[in-house]
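# Summary of the model geometry
Here are the chains, one letter per residue:
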Amino acid sequence: MAGPWLEARDIVKRFPGVVALKGINFDVRPGEIHALCGENGAGKSTLIKLLGGIHPHGSYEGVLQVGGKIAAFRRVRDAEEAGIAVITQEFALVDELSVAENIFLGRESRRGWRIDRHRLNAEAAVWLQRFGLGIAPETPVRELGTGPKQLVEIVRALSKKSRLLVLDEPTAALTGQEAAVLMDNLRRLRAEGTACIYISHRLEEVMEIADRITILRDGATVASMAAATATIPDLIRHMVGRDLAALFPRRAPAPTAGIAPLLEVRSLSVAPAPGAPARLRDLSFAVRPGEVLGFGGLMGAGRTELLMHLFGCWGRRLSGTVHLAGQPLAPAAGPDAAIAAGLALVSEDRRRFGLILGQDIGFNLSLASLRQFARARGLDQPREWVANQRWVERLRIKGGTQAARVGGLSGGNQQKVVLGKMLMTGPRVVLLDEPTRGIDVGAKLEIYELINELTAAGGAVVLVSSELPELIGMSDRILMLHQGAIGGEFNRAEFSPERLLAAAMGRPRAAA
């Protein structure tokens, strides 16, 4: 195999009070898919920001070489001109522009001083078709869902004819079909000589696509290996520094016979807006103390809408009732009333709905529970600080201090802050929407253990997840949604991927 096209040697990156990278050694060869794995906070994001020119030359120690020459990137444009395209989890698209305009932003075809829109759309159509996207080039980006937006980001990078693609959790928001399209295109690009750094917490996906795998832990390179000789237990052991006997910690089934439900939903139908047809149709279910009720389904099945409606922030109720601890929860009561009644929601989009990124950890943690610290002349700040610190320590949030800015934390630690914020309200029922999306296996295990603590203390959890192993590993019962209705209900003895998928697709119950 050819020598490295990109090589990082003895890279050290310091921030005030912390050393983020402690001697990273890493390289990528032409036509290679090199996976970069590690827990949140291991240094992956810092490294790719350095490769992409966000952390400029001179702000770090060590040597970065690209194409056999020392790279001295001062800005993002320098990295792009060298052939490096970084695609992060946060979209860099302009919602008010069309798909075509976003793909060629700053590189538009022109006729004189005017943009040649006919040619622009034709060129974009070629790239979209090449990537298997049935999106019209004229479509405003604001009309796209999360998955299509992710694919447009990737198409934009490919259109620049980059030599190296850096993909950070590229399938986190994609459907199975969209992810398969991405994988096929990455294999084709690999055959054409394009290199790729692939970052994902989905280890099965890493094993499927990668040629080599490098593991980071605590800012250092701890292992690099051929994917063909690696195993998932090997990767986990290197990532967390210990063996994980079981990713899903076992919990004794909660006795439910004769116990009143904490949350009960009867014949619930909900429309997205007045006059619109029902998006959720005739849903009935109950969750009892100590129980985890899982919800699965294909993208668009209505899982997120259900949780948001229960929390009072989505939809117009057409029929049905919701009771929390035996008391009715009015359809228009809103999140304040839901929290006061003992309901908490952890949204799937933590950066948009769960956090104020420009504020610190302490500000975010106590934001939903400020009433308990209120005094006649303001907040009891010492008491607030003590309560926040208790959750920082309990959740092992790696921010160093409550004063650390939430926007600078890793994804896993941001998710811990969101969980802590809602748990500080003292909920009886917690609604978790994709609680482990985009976080590493170590942080996942900590969240699973926290779920078990909640149920052991007599609380109840409603868990929405797109990952069937997670649903099967953590749930006492599973309901699969199909087009806004319940496609099937399963107890533990009936769990199997085949049965769950069949219900999600509206098919008759499949055999185990």
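### Let's talk about the overall build of the protein
Within the protein, the regular secondary structure consists of 17 helices and 24 strands. Its C-alpha radius of gyration of 24 Å places the protein within 12% of the 24 Å reference for a compact globule of 512 residues. Projected onto the principal axes, the alpha-carbon positions of the protein cover approximately 70 × 55 × 50 Å. Going through the 512 residues of the protein one by one, you find that 52% of them count as buried. Excluding contacts between residues fewer than 6 apart, the proportion of contacts in the protein whose partners are at least 24 apart in sequence is 65%. Computed over 63 positive and 54 negative side-chain charges, the inter-centroid distance for the protein is 3 Å.

### Quick notes on unusual backbone geometry
The backbone of Ser267 shows a phi angle near 50°, a positive value even though the residue is not glycine. Mapped onto the elements of the fold, Ser267 is located in strand 13 (residues 263-271). You will see that Asp282, though not glycine, has its phi angle at about 50°, which is positive. Counting through the fold element by element, Asp282 comes out in strand 14 (residues 280-287). Residue classification places Asp282 among the exposed positions, given a relative accessible area of 52%.

### Description of the nonpolar core
Grouped together as the largest cluster of nonpolar side chains are 65 residues, with contacts concentrated most on Leu263, Phe285, Phe295, Leu310, Leu343 and Ile361. If you tally residues by element for this core, the top one is helix 15 (residues 441-456), at six residues. Setting aside its immediate chain neighbours within four residues, Leu343 contacts Leu310, Phe311, Leu324, Leu329, Ala338, Pro427, Val429 and Leu431. If you look at the next biggest cluster of nonpolar residues, it comprises 34 residues, including Leu93, Val99, Phe104 and Ala179.

### Let's talk about the pattern of salt bridges
Evaluation of the coordinates by the stated rule reveals 30 salt bridges. The closest approach of N and O atoms between Arg212 and Asp27, which form a salt bridge, is 2.6 Å. With a gap of 185 residues between them, Arg212 in strand 11 (residues 212-217) and Asp27 in strand 2 (residues 18-28) connect regions that are remote in the sequence. With a closest N to O distance of 4.0 Å, Arg303 and Glu434 form a salt bridge. Note that Arg303 is positioned in helix 9 (residues 303-310) and Glu434 in the loop between strand 21 (429-433) and helix 15, a separation of 131 residues in sequence.

### As for a nonpolar patch on the surface
A cluster of nonpolar side chains, Ile356, Phe363, Leu367, Leu370 and Leu379, forms an exposed patch at the surface whose accessible area comes to about 370 Å². Relative to the assigned elements, Leu379 resides in strand 20 (residues 378-379). Accessibility expressed as a relative area gives 40% for Leu379, which makes it partly exposed.

### Concerning the side chain of Ser369
Along the chain, the position of Ser369 falls in the loop between helix 12 (361-365) and strand 19 (374-375). Aside from chain neighbours lying at most four places away, what touches Ser369 is Met424 and Thr425.

### Side note on helix 15
Compared with the 22 Å implied by 1.5 Å per residue over 16 residues, the 22 Å span of helix 15 between its first and last C-alpha is a close match. Most of helix 15 sits inside the fold, with 12 of its 16 residues counted as buried. Buried residues of helix 15: Val441, Gly442, Ala443, Lys444, Leu445, Ile447, Tyr448, Leu450, Ile451, Asn452, Leu454 and Thr455, and no others. Following helix 15 by one or two positions, Gly458 has its phi on the positive side, about 95°.

### Here's the deal with the side chain of Gln389
Its place among the elements puts Gln389 in helix 13 (residues 381-394). Within the structure, the side chain of Gln389 is placed 3.1 Å from the side chain of Gln402, a separation counted as a polar contact.

### A look at empty space enclosed by the protein
Taking a probe equal in size to a water molecule and rolling it over the atoms shows the remaining empty space. Here the structure, examined in full by the defined rule, presents two cavities of 30 Å³ or more. The computed volume of the largest cavity comes to approximately 100 Å³. Together, Glu169, Ala172, His201, Arg202, Glu434, Thr436, Arg437, Gly438, Ile439, Lys444, Ser466 and Glu467 line the largest cavity. Among the residues forming the lining of the largest cavity, the class breakdown is two nonpolar, four polar and six charged. Lining the second largest cavity, in full, are His309, Leu310, Phe311, Gly312, Arg317, Val322, Leu329, Ala330, Pro331, Ala333, Gly334 and Ala338. Going through the elements one at a time, helix 9, strand 16 (316-324) and helix 10 (334-341) are the ones with two or more residues in the lining of the second largest cavity. Among the residues making up the lining of the second largest cavity, the classes are represented as eight nonpolar, three polar and one charged.

Conventions adopted
Residues numbered from 1 in each chain as written. Predicted model: local features only at pLDDT ≥ 70, side-chain atom pairs only at ≥ 80, totals over all residues. Heavy atoms only, no water. Helix = DSSP H or I, 4+ residues; strand = E, 2+ residues; numbered from the N terminus. Rg over C-alpha atoms; globule rule 2.2 N^0.38 Å. Buried < 20%, exposed > 50% of the residue type's maximum accessible area, 1.4 Å probe, protein only. Contact = heavy atoms within 4.5 Å. Lys, Arg positive; Asp, Glu negative; His and termini not counted. Charge placed at Lys NZ, Arg CZ, Asp CG, Glu CD. Core = buried A, V, L, I, M, F, W, Y, C linked by side-chain atoms within 4.5 Å. Salt bridge = Lys/Arg side-chain N within 4 Å of Asp/Glu carboxyl O. Patch = residues over 30% accessible without salt bridge, like charges linked within 9 Å, V, L, I, M, F, W, Y side chains within 5 Å. Areas by Shrake-Rupley, 256 points an atom, 1.4 Å probe, with all protein chains shown as cover. Expected span 1.5 Å × (residues − 1). Polar contact = N/O pair within 3.5 Å; in protein donor to acceptor, adjacent residues only side chain to side chain. 1 Å grid on protein atoms, 1.4 Å probe; cavity = no way out; pocket = protein on both sides within 12 Å on 5 of 7 lines; lining within 4 Å. Points joined across faces, edges and corners; volume = space filled by probe spheres on them. Nonpolar A, V, L, I, M, F, W, Y, C, P; charged D, E, K, R; others polar.

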